[in-house]
Amino acid sequence: MLNSGGRKTVHLLGEIVVTGPKSLIAGNWKMHRGGAHGVALAKAVLAAASKETLACDLLLCPPAVVLAAVSHVVDGTDIATGGQDCHAENTGAHTGDISASMLAGAGATYVIVGHSERRTDHRETDADVRAKAEAAQKIGMTAIICIGETGAERDSGQTLAVLSRQIAGSVPAGATAAHTVIAYEPVWAIGTGRTPTVAEVAEAHAHIRKELGGKVDDPDSVRILYGGSVKADNARELLAVANVNGALVGGASLDAASFVAIARTAP
Ligand code: 13P
C-alpha cells in the first residue's frame, strides 16, 4: 500500500521529526524501456510498491511512446505518471513535438522540463524552459523544473550563482507551489556514480529554497528533489538532508526493485 494524502506531512524518523512536503520519488526512464518493456517495468514497480507502505509519492516518467500504456497500468493507484519534456505551445505545426495537453491526455500529471540533457542536446535556454513550465502549469500539470551546475562551474565556485540564474530564468513568475517541483541535478553527477557531499547538497537545496521566495506563492511547500547517481545504497543519506524532498532517479529507476528500494528510504 502506498501512502498518499495531504501535501504536508510530519514523519517520525527514529527520534527525529521531519517536517515539510511529502517526499516524491520520481523515475526518469530517459530513452529506455519503450513498448512492452516499459509496460513490464511499470507492472513490476506497481507489484513491488503494493506490497508495502511507503512514506513517499511515486512517479514514473517513461518515454512518450509508452506513456499512455504506463498510465493505464497504474490507473487507480497512487502512482502518478509524467512526461520527460513538452512543447511550449498547445498545438501547432511542430513536427515531432508533444504538448503538455497531449501528455495530460495520456494520463500524465507531471512533466520534467529543462533536464540538462535537453539543455545540452537541444540547446534549451532558461527562457525555453520557463515557457514549457508555464504551458504545463497553465493546464494544471506540475512542472518538474531541472537546474544544476556543470563540473567546471562547481570547480570555479559558481554553483550557487548558476542556481540563482537558472531559478530566475526558468521558474515562471507567480508559479504556485502546488504545480512546481524543482530538481537539483548537478550535471557532473548524472550517470557518473559521483554525488555531491551531504554538505554540498544541503547548501544547494537551502539556496534553492531561499531563491524560490518571491517567485512561488509558498516556497516552503515546493518539493526540491535531488538527482544524480541516486542508488539504493546512497538514497537514505541523500534523502535525509534538510530541504531534500525526494529524488529524480535515472539509471536506478529502470529496475523495479532498485527503484522501490530507494523509495523505501524516503523519510
Ligand atoms: P542517474 O540517476 O542515472 O544519474 O540520472 C539522473 C537523472 O538525470 C535523472 O533525471
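Below: a short report on this structure. (Residues numbered from 1 in each chain as written. Predicted model: local features only at pLDDT ≥ 70, side-chain atom pairs only at ≥ 80, totals over all residues. Heavy atoms only, no water.)

## Topic: the overall build of the protein chain
- Across its full length, the protein chain carries ten helices and ten strands.
- Taking 2.2 N^0.38 as the reference for a compact globule, 267 residues should give roughly 18 Å; the C-alpha atoms of the protein chain span a radius of gyration of 17 Å, in line with that estimate.
- Overall, the C-alpha framework of the protein chain stretches about 50 × 45 × 35 Å when taken along its three principal axes.
- When the 267 residues of the protein chain are sorted by exposure, 53% land in the buried category.
- Counting contacts in the protein chain only where the partners sit at least 6 residues apart, residues at least 24 apart contribute 72% of the total.
- Split by element, the accessible area of the protein chain, about 11,500 Å² in all, is 54% carbon and sulfur. (Helix = DSSP H or I, 4+ residues; strand = E, 2+ residues; numbered from the N terminus. Rg over C-alpha atoms; globule rule 2.2 N^0.38 Å. Buried < 20%, exposed > 50% of the residue type's maximum accessible area, 1.4 Å probe, protein only. Contact = heavy atoms within 4.5 Å. Areas by Shrake-Rupley, 256 points an atom, 1.4 Å probe, with all protein chains shown as cover.)

## Thoughts on the site of the ligand
- As a matter of local geometry, the ligand sits amid Asn28, Lys30, His115, Glu185, Ala189, Ile190, Gly191, Gly228, Ser229, Leu248, Gly250 and Gly251.
- A distance of 2.9 Å separates an oxygen atom of the ligand from a polar atom in the side chain of Glu185.
- Note that an oxygen atom of the ligand is positioned 2.8 Å from one of the backbone N or O atoms of Gly251.
- Here the ligand loses 96% of its free accessible area of 310 Å² to cover by the protein chains.
- When grouped by side-chain class, the residues that make up the shell around the ligand number three nonpolar, seven polar and two charged. (Near = heavy atom within 4 Å. Polar contact = N/O pair within 3.5 Å; in protein donor to acceptor, adjacent residues only side chain to side chain. Nonpolar A, V, L, I, M, F, W, Y, C, P; charged D, E, K, R; others polar.)

## Let's talk about helix 1 (residues 35-50)
- For helix 1, which comprises 16 residues, the first-to-last C-alpha distance of 23 Å matches the rise-based estimate of 22 Å (1.5 Å per residue) to within 8%.
- Here helix 1 has its buried residues at Gly38, Leu41, Ala42, Val45, Leu46, Ala48 and Ala49.
- For helix 1, the secondary structure elements touched by its buried residues are strand 4 (57-61), helix 2 (67-74) and helix 10 (256-264). (Expected span 1.5 Å × (residues − 1).)

## Remarks on the state of the cysteines
- Under the definition given, this model contains zero disulfides.
- Cys86 forms no disulfide, and the closest cysteine sulfur to it belongs to Cys146, at a distance of 12 Å.
- Given a relative accessible area of 1%, Cys86 falls into the buried group.
- Looking at Cys146, it has no disulfide partner, and the nearest cysteine sulfur is the one in Cys61, 9.3 Å off. (Disulfide = S-S within 2.5 Å.)

## Side note on the sheet that holds strand 6 (residues 110-113)
- Read around the barrel, eight strands follow the order 3-4-5-6-7-8-9-10 and close on themselves; strand pairing throughout is parallel. Geometrically, the sheet is characterised by an average inter-axis angle of 25° between neighbouring strands, direction not taken into account.
- When strand 3 (residues 24-28) meets strand 4, the two strands line up parallel, connected through five bridges. Looking at the pairing, Leu24 lines up with Asp57 of strand 4. (Pairing = 2+ DSSP bridges. Axes fitted to C-alpha atoms, helices over the stretch in contact; angles between N-to-C directions.)

## Some points on the pairing of strand 5 (residues 80-83)
- A two-sided burial pattern is seen for strand 5, the buried positions comprising Ala80 and Gly82 on one face and Thr81 and Gly83 on the other.
- In this structure, strand 4 lies alongside strand 5, joined through two bridges in parallel fashion. Counted as the bridge partner of Leu59 is Ala80 from strand 5.
- Remark: the strand 4/helix 2/strand 5 crossover connection has right-handed handedness.
- When strand 5 meets strand 6, the two strands line up parallel, connected through two bridges. Along strand 6, the bridge assignment pairs Gly82 with Tyr110.
- Each parallel crossover has a hand, and for strand 5 linked through helix 3 (residues 100-105) to strand 6 it is right-handed. (Right-handed = clockwise from strand over helix to strand, strands pointing away.)

## Points about the side chain of Ser99
- Counting through the fold element by element, Ser99 comes out in the loop between strand 5 and helix 3.
- Of the residues examined, Ser99 reaches a relative accessible area of 4% and is grouped as buried.
- A distance of 2.9 Å separates the side chain of Ser99 from the backbone oxygen of Asn90, its partner in a polar contact.
- Look past the residues within four positions of Ser99 in its chain and what remains in contact with it is Cys86, His87, Glu89 and Asn90.

## Focus on unusual backbone geometry
- Unlike most non-glycine residues, Lys30 shows phi in positive territory, near 50°.
- You can see Lys30 is positioned in the loop between strand 3 and helix 1.
- Positive phi outside glycine occurs at Asn243, with the angle close to 70°.
- Along the chain, the position of Asn243 falls in the loop between helix 9 (235-239) and strand 10 (246-249).

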